[in-house]
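Each chain, letter by letter, is given below.
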Amino acid sequence: MKLILGSGSPRRKDLLAQLGLVPDDIRSPDIDETPTKGELPRPYCARMAREKAMAVERAPDEIVLCADTTVALGRRIMGKPEDEKEAAAFLLAMAGRRHKVITAVAVAHGERVLESVVVTTVKMKRLSDNELNTYLASGDWKGKAGGYGIQGPAGAFIPWIQGSYTAVMGLPVAETANLLLAAGYPVYGETS
């Protein structure tokens, strides 16, 4: 059985490696990631992971693993900022407050799609102008939901989280292992 990672994210590949897994292939799905009108963050995130998994072509002996990470401030979805100005707006909105990081994982094999959604509460400290401007200048916000990655320089802005650190990075390792096992993939060298 072959494992296909439906993501070009180097972080997701690294997190899979924590389980001792190396994907046999990487195939990034091309889907429309626009939220529907009034769509809430958790259902949106779950839909994205499911649609990504369904969009990746697979052979009968292939399992496709896809994930989506969404940052939510209340009911507001904070996607990947389009520019530095939007990244600053996201960070300032979250500064000094708690927000949710939602990561949905979908594993597709045959006609089945197994799913898990992990919600982690994250507190971001208040940001000084210098902290914000230095971070924006680093460019680390590019391509990241909410405009930050906890594993990079913005990790210094996060005094605590409640939930899964690996989910905030983009792939909840424990839940991913369980989904792969449920799909019949030998995560620990054996099938369940």
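Below is a summary of the structure that appears in this document.

Reading the values: rules and limits
Residues numbered from 1 in each chain as written. Predicted model: local features only at pLDDT ≥ 70, side-chain atom pairs only at ≥ 80, totals over all residues. Heavy atoms only, no water. Core = buried A, V, L, I, M, F, W, Y, C linked by side-chain atoms within 4.5 Å. Buried < 20%, exposed > 50% of the residue type's maximum accessible area, 1.4 Å probe, protein only. Helix = DSSP H or I, 4+ residues; strand = E, 2+ residues; numbered from the N terminus. Contact = heavy atoms within 4.5 Å. Disulfide = S-S within 2.5 Å. Polar contact = N/O pair within 3.5 Å; in protein donor to acceptor, adjacent residues only side chain to side chain. Salt bridge = Lys/Arg side-chain N within 4 Å of Asp/Glu carboxyl O. Pairing = 2+ DSSP bridges.

### As for the nonpolar core
- In this structure, L91, M94, Y148 and L180 are the most contacted members of the largest nonpolar core, which totals 47 residues.
- Here this core takes six residues from helix α3 (residues 84-94), the largest share from any one element.
- The contacts of L180, once residues within four sequence positions are left out, are L3, L16, L21, I63, V107, Y185 and V187.
- V56, A72, A104 and A108 belong to the second largest nonpolar core, which has twelve residues in total.

### Some remarks on the state of the cysteines
- Under the criterion given, the structure shown has zero disulfides.
- Here C45 stays unpaired: no disulfide links it, and the sulfur of C66, its closest cysteine neighbor, is 12 Å away.
- According to the relative accessible area criterion, C45 is buried, its value standing at 0%.
- On the basis of relative accessible area, C66 is assigned to the buried category, the value being 1%.

### A look at the side chain of T69
- Within the secondary structure, T69 sits in strand β3 (residues 62-73).
- Relative accessible area serves as the criterion here: at 18%, T69 is assigned to the buried category.
- Side chain to side chain, T69 and R12 meet in a polar contact 3.2 Å long.
- Separated by 3.1 Å, the side chains of T69 and T103 make a polar contact.
- Once you skip the residues sitting within four places of it in the chain, T69 turns out to touch R12, C45, V101, I102, T103, A145, A167, V168 and G170.

### Regarding the pattern of salt bridges
- On inspection of all chains with the given rule, the structure shows eight salt bridges.
- A salt bridge links R27 to E62; its shortest N-O distance comes to 2.9 Å. Of this pair, R27 sits in the loop between β2 (25-26) and α2 (41-55) while E62 sits in strand β3, placing them 35 residues apart in sequence.
- The exposure class assigned to E62 is buried, which follows from its relative accessible area of 9%.
- Here the salt bridges share partners, and the residues they tie into one network are D25, R27 and E62.

### Regarding the pairing of strand β5 (residues 98-109)
- Burial within β5 is extensive, with ten of its twelve residues counted as buried.
- In this sheet, β5 lies alongside β3 in antiparallel orientation, the contact comprising nine bridges. Bridge assignment links A72 to a residue of β5, and that residue is K100.
- Note: β5 against strand β6 (residues 112-123), twelve bridges, orientation antiparallel.

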